[in-house]
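# Secondary and tertiary structure notes
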Amino acid sequence: MRLHTLIPVALAGAMLPSLAQADTVGWRIGANSWQQNFEGDVQNGPSVIDIEDDLGFDDDDGFNFYVALEHPVPVLPNIMVSHTELDAEAVGDVTGFIFDGNIYTGEVASDVDLTHTDVTLYYELLDNWVNLDLGLAGRVFEDGVEITDVATGISGSLDIDYVIPM
């Protein structure tokens, strides 16, 4: 990139936080609920397990709540934290599959927990008849999938402990 094109880009980037500001301190809080249908496959070994047909998962409720804080300090980003409860338990009947190094046959109890928290840092660029926010978010997962053979008590899990940039 040449110097005569780099200077305007650098100036625009430096001015961005000063353009992105709220007039007053404000906050938002909210919650959502929905009916969810668990579908898909889980694999932690050579066997692919259908969570609806093999493990017995059915419709369930999901829940989300969030809080956001906006402020007039131009260099500090606004913040929004959102937490989503996304978990379910089921009992199913399987015939010989391998999960986490264990072989399961018969009745299994399973728990799928994809609960996560989103943290978003953003600047409010426009706040009139058009709203425009620009920022970055990270989604934090801390649980996963656990399957237990009801007869033997043998248990296996697939942990999902990740931070995903969004």
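Higher on the page you've got the structure.
Below or above, wherever it landed, is the structure these notes cover. Everything numeric here is computed off the predicted structure, so don't read it as measured data.

## Examining the nonpolar core
When a protein is soluble and globular, its nonpolar side chains tend to lie buried together. Leu55, Phe57, Phe97, Phe99, Tyr104 and Ile147 are the most contacted members of the largest nonpolar core, which totals 16 residues. Residue assignment for this core shows that the elements contributing at least two residues are strand E6 (87-99), strand E7 (102-113) and strand E10 (144-149). Per element, the largest residue contribution to this core is five residues, and it comes from E6.

## Quick notes on the side chain of His71
Within the element layout of this structure, His71 appears in the loop between strand E4 (59-70) and strand E5 (78-85). Given a relative accessible area of 14%, His71 falls into the buried group. Separated by 3.1 Å, the side chain of His71 and the backbone nitrogen of Val73 make a polar contact. A distance of 3.3 Å separates a polar side-chain atom of His71 from the backbone oxygen of Leu76.

## Topic: the sheet that holds strand E8 (residues 116-127)
Ordered in space as E1-E4-E5-E8-E9-E12, the six strands form an open sheet in which the pairing is antiparallel. Taken across any chain shown, the strands that pair with only one partner, and hence form the sheet edges, are strand E1 (26-37) and strand E12 (163-165). Here the average twist between neighbouring strands, direction ignored, is 20°. Both E8 and strand E9 (residues 131-141) contribute to a ladder of 11 bridges, which runs antiparallel. Each bridged residue has a counterpart across the sheet, and for Tyr122 the counterpart in E9 is Gly135.

## Topic: the sheet that holds strand E11 (residues 155-159)
Ordered in space as E6-E7-E10-E11, the four strands form an open sheet in which the pairing is antiparallel. Lying at the two open borders of the sheet, with one neighbouring strand each, are E6 and E11. Geometrically, the sheet is characterised by an average inter-axis angle of 20° between neighbouring strands, direction not taken into account.

## Brief notes about unusual backbone geometry
Negative phi is the rule for most residues except glycine; trans is the rule for most peptide bonds. At Asp100, a residue that is not glycine, the phi angle is positive and equals roughly 55°. The residue Asp100 is located in the loop between E6 and E7 in this model.

## Some points on the pairing of E4
Sheet analysis places E1 next to E4, joined by 12 bridges and oriented antiparallel. Residue Asn37 lies in a different strand from E4, and its bridge partner there is Asp59. Alignment of E4 against E5, held across seven bridges, turns out to be antiparallel. Its bridge partner lying in E5, Tyr66 is registered against Ser82.

## Here's the deal with the pattern of salt bridges
Using the criterion set out here, one finds one salt bridge in the structure. Its salt-bridge partner being Asp118, residue Arg139 comes within 2.7 Å of it at the nearest N-O pair. Pair noted here: Arg139 is in strand E9 and Asp118 is in strand E8, with a separation of 21 residues, a long-range link. The exposure class assigned to Arg139 is partly exposed, which follows from its relative accessible area of 23%.

Calculation notes
- The numbering scheme is per chain: residues are counted from 1 as the chain's sequence reads.
- The predicted origin of the model limits local features to residues at a pLDDT of at least 70 and limits the giving and counting of side-chain atom pairs to 80 or more, whereas totals for whole chains, interfaces and linings rest on all residues.
- Hydrogen atoms and water are omitted, and side-chain values are computed over all heavy atoms in the structure.
- To qualify as a nonpolar core, a set must consist of buried Ala, Val, Leu, Ile, Met, Phe, Trp, Tyr and Cys residues joined through side-chain atoms within 4.5 Å.
- Burial classes follow relative accessibility: with a 1.4 Å probe on protein chains only, a residue under 20% of its type's maximum area counts as buried, one over 50% as exposed, and anything between as partly exposed.
- Helix numbering and strand numbering both begin at the N terminus, where a helix is a DSSP run of H or I of at least 4 residues and a strand a DSSP run of E of at least 2.
- Two N or O atoms form a polar contact when they lie within 3.5 Å of each other; inside protein one atom must be a possible hydrogen donor and the other a possible acceptor, and for residues adjacent in sequence the pair counts only when both atoms belong to side chains.
- Two strands qualify as a pair provided DSSP detects at least 2 bridges between them.
- Axis lines are fitted to C-alpha atoms, over the contacting stretch for helices. Their N-to-C directions set the angle, which ranges from 0 to 180 degrees.
- Here a salt bridge means any side-chain nitrogen of Lys or Arg lying within 4 Å of a carboxyl oxygen belonging to Asp or Glu.

Spatial relationships are all this shows, so hold off on functional conclusions.
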